[in-house]
Amino acid sequence: QVDLLESGGGLVQSGGSLRLSCRASRMIPVMAWFRQAPGKQRELVAGITSGGTSDYADSVEGRFTISRDNRDNTVSLEMNGLKPDDTAVYYCAARWARKLTGTRYDYWGQGTQVTVSS
């Protein structure tokens, strides 16, 4: 069992920035951020391996940066140039499979709300 504890999120104006963090209770190869907006399916935002390889959804490429610190099993998502369409509940996720493709993850955080006002 791996527990994920998220922090960050909140309300920001369009064009602003926010940082999300997530700490895992133990080392796990792949960590990622998903989001789900009201009435929409959950989507993968960004993922990162323990080696630092990362991947992003097209909608956030160039605006969001995912990073991780293996010393304390944390993953962060730096979000810049936020838009109202980025409004969603953001979830930290982690899995044992050492790949960034696919959306099946083993563990999930409780979610944190990000709201971008226009």
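Since we're looking at a predicted model, the values are computed, not measured.

Caption draft 1: Inspection of the overall build of the protein chain at higher detail. Secondary structure assignment for the protein chain yields zero helices and 11 strands. In sequence order, the secondary structure elements of the protein chain are arranged as β-β-β-β-β-β-β-β-β-β-β. The C-alpha radius of gyration of the protein chain comes to 13 Å, within 12% of the 13 Å expected for a compact globule of 118 residues. Summarising its shape, the C-alpha atoms of the protein chain cover approximately 40 × 25 × 25 Å along the three principal directions. Sorting the 118 residues of the protein chain into buried and exposed places 46% on the buried side.

Caption draft 2: Broad picture of the environment of leucine 4. Inspection of the secondary structure puts leucine 4 in strand E1 (residues 4-8). Exposure remark for leucine 4: the relative accessible area of 9% places this residue in the buried category. Between the alpha carbons of leucine 4 and threonine 74 there is a distance of 9.2 Å; along the sequence they are 70 residues apart. Setting aside anything within four residues of it in sequence, one finds leucine 4 in contact with Cys22, Arg23, Ala24, Met31, Cys92, Ala93, Ala94, Tyr107, Trp108, Gly109 and Gln110.

Caption draft 3: Inspection of the packing of aromatic side chains at higher detail. In this structure the tally under the stated criterion is four aromatic pairs. An angle of 80° between the planes, with centres 5.2 Å apart, marks the rings of phenylalanine 34 and tyrosine 105 as edge-to-face. Remark: tyrosine 105 occurs in the loop between strand E9 (88-95) and strand E10 (107-108) and phenylalanine 34 occurs in strand E4 (residues 30-36); sequence separation between them is 71 residues. Neither residue differs from the other here; phenylalanine 34 and tyrosine 105 are each classed as buried. The ring of tryptophan 108 has arginine 42 sitting right over it, with the charged end atom 3.9 Å from the ring centre. Above the ring of tyrosine 105, the side-chain terminus of arginine 95 is found at 4.3 Å from the ring centroid.

Caption draft 4: Main features of unusual backbone geometry. A positive phi angle, close to 60°, is found at asparagine 73, a residue other than glycine. With respect to the element layout, asparagine 73 can be found in the loop between strand E7 (64-69) and strand E8 (74-79). Overall, the relative accessible area of 15% leaves asparagine 73 in the buried class.

Caption draft 5: Seen up close, the state of the cysteines. Overall, the coordinates contain one disulfide when judged by the stated rule. Disulfide pairing places cysteine 22 opposite cysteine 92 at an S-S distance of 2.1 Å. Given an S-S torsion of about -80°, the disulfide between cysteine 22 and cysteine 92 has left-handed geometry. Taken together, the residues cysteine 22 in strand E3 (residues 18-24) and cysteine 92 in strand E9 connect sequence positions 70 residues apart. Judged by its relative accessible area of 1%, cysteine 22 falls in the buried class. On the basis of relative accessible area, cysteine 92 is assigned to the buried category, the value being 0%.

Caption draft 6: A look at the nonpolar core. Among the nonpolar cores identified, the biggest contains 30 residues, and Leu4, Met31, Trp33, Leu77, Met79 and Tyr90 are the most heavily contacted of them. Those elements that place two or more of their residues in this core are E3, E4, strand E5 (43-49), E7, E8, E9 and strand E11 (112-117). Excluding residues within four positions of it along the chain, tyrosine 90 makes contact with Glu6, Leu20, Trp33, Phe34, Arg35, Val45, Phe64, Leu77, Met79, Gly111, Thr112 and Val114. Residues Ala32, Tyr91, Leu100 and Tyr105 belong to the second largest nonpolar core, which totals seven residues.

Reading the values: rules and limits
Residues numbered from 1 in each chain as written. Predicted model: local features only at pLDDT ≥ 70, side-chain atom pairs only at ≥ 80, totals over all residues. Heavy atoms only, no water. Helix = DSSP H or I, 4+ residues; strand = E, 2+ residues; numbered from the N terminus. Rg over C-alpha atoms; globule rule 2.2 N^0.38 Å. Buried < 20%, exposed > 50% of the residue type's maximum accessible area, 1.4 Å probe, protein only. Contact = heavy atoms within 4.5 Å. Phe/Tyr/Trp six-rings, centres within 6.5 Å; stacked < 30°, edge-to-face > 60°. Lys NZ or Arg CZ within 6 Å of the ring centre and 35° of its normal. Disulfide = S-S within 2.5 Å. Core = buried A, V, L, I, M, F, W, Y, C linked by side-chain atoms within 4.5 Å.

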